[in-house]
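Okay, here's what each chain looks like letter by letter:
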Amino acid sequence: MRVHVADHPLVTHKLTVLRDKRTPSPTFRALAEELVTLLAYEATRSVRVEPIEVETPVAQATGLAISDPKPLVVPILRAGLGMLEGMVKLMPNAEVGFLGMVRNEETLQPAIYAERLPEDLSNRQCFILDPMLATGGSLLAAIEYLFDRGAVDVTAVCLIAAPEGLKAVEEATQGRNLTVVLGALDEKLNEVGYIVPGLGDAGDRLYGTVG
Ligand SMILES: O=P(O)(O)OC[C@H]1O[C@H](OP(=O)(O)OP(=O)(O)O)[C@H](O)[C@@H]1O
Ligand SMILES: O=c1cc[nH]c(=O)[nH]1
Ligand SMILES: [Mg+2]
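Given the structure is predicted, the values throughout are model-derived calculations rather than measurements.

Undergrad: Sorry, what's going on with the UniProt feature "binding site: 5-phospho-alpha-D-ribose 1-diphosphate" (unreviewed entry) in the protein here?
TA: Taken from the UniProt record, the annotation "binding site: 5-phospho-alpha-D-ribose 1-diphosphate" (unreviewed entry) applies to Arg78, Arg103, Asp130, Pro131, Met132, Leu133, Ala134, Thr135, Gly136, Gly137, Ser138 and Asp201. Here Leu133 shows up in strand β9 (residues 132-133). Positionally, Ala134 belongs in the loop between β9 and α4 (137-148). Excluding residues within four positions of it along the chain, Ala134 makes contact with Arg103, Ala162, Glu164, Gly165, Leu189, Gly193 and Ile195.

Undergrad: What should I look at first to understand the confidence of the model for the protein in this one?
TA: One rule of thumb: low pLDDT means the predicted coordinates there are not for detailed reading. Taken residue by residue, the protein gives an average pLDDT of 96. The fraction at 70 or more is 99%. Confidence metrics for the complex model read pTM 0.96 and ipTM 0.98.

Undergrad: How do you make sense of the environment of Leu185 when you look at a structure like this?
TA: Topologically, Leu185 is positioned in strand β11 (residues 178-185). The class for Leu185 is partly exposed, based on a relative accessible area of 40%. In contact with Leu185, not counting residues within four places along its chain, are Val5, Ala161, Ala162, Pro163 and Leu166.

Parameters and conventions
Residues numbered from 1 in each chain as written. Chains lettered and ligands numbered in written order. Predicted model: local features only at pLDDT ≥ 70, side-chain atom pairs only at ≥ 80, totals over all residues. Heavy atoms only, no water. UniProt positions renumbered as here; feature names shortened; annotations may be inferred. Helix = DSSP H or I, 4+ residues; strand = E, 2+ residues; numbered from the N terminus. Contact = heavy atoms within 4.5 Å. pLDDT = per-residue confidence, 0-100. Buried < 20%, exposed > 50% of the residue type's maximum accessible area, 1.4 Å probe, protein only.

And the structure:
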């Protein structure tokens with residue numbers, strides 16, 4: 001597993017405002033989108049491309065185009081939806097599929113409650129979006145789901161991770177072609193499975209509801 005933790009003052013600045021419990025949902029949503037666009041720059045470094053020729057007003061130029069099959073972006077509902085616009089802004093011709101997952105707050109076990117993905121993911125590059133990697137259970141279930149469907153290459157973009165969850169994902173995905181791109185790697189998980197210092201419940205903070 002390759003891990004990249006953003007080391008950029010703008011990322012840390014925006015994350016600091018996200019962490020602040022006084023930040024209201026509209027600002028939280030705008031910042032989550034901006035953060036993803038910054039992280040997407042790194043996350044798409046290995047996007048598959050092929051050479052193409054174009055005519056400039058002056059001469060022939062060789063450039064690059066994103067190859068087929070197009071990358072598949074998979075936000076994990078609910079909170080991952082807050083990252084979708086920021087990602088597709090950078091890669092407008094990517095396809096988008098959806099996975100709805102919820103973590104049982106007692107057992108911390110994830111469950112998939114909705115799925116809308118292309119049937120066949122063989123030979124696909126997939127980009128999972130989920131702001132929080134806490135125990136790692138949700139991300140791991142999403143990763144396994146995509147690989148089981150035939151994906152060959154998965155990159156997860158998360159705003160904040162706990163070391164415990166990152167380690168769990170790494171141990172369970174040995175030999176997989178997996179990259180994790182993070183805005184920050186925090187200190188730890190608390191006794192109820194929240195990231196410390198984290199930002200609280202990302203879904204609640206994005207959408208202003210509880211649950
Ligand atoms: O690493 P884990 O311990 O699995 O926790 C992380 C998961 O928890 C949050 O989702 P949640 O279950 O709160 O659903 P929501 O997005 O609908 O709020 C978050 O968006 C991740 O999907
Ligand atoms: O800190 C956490 C852990 C799981 N899910 C969240 O939204 N936040
Ligand atoms: Mg939640």
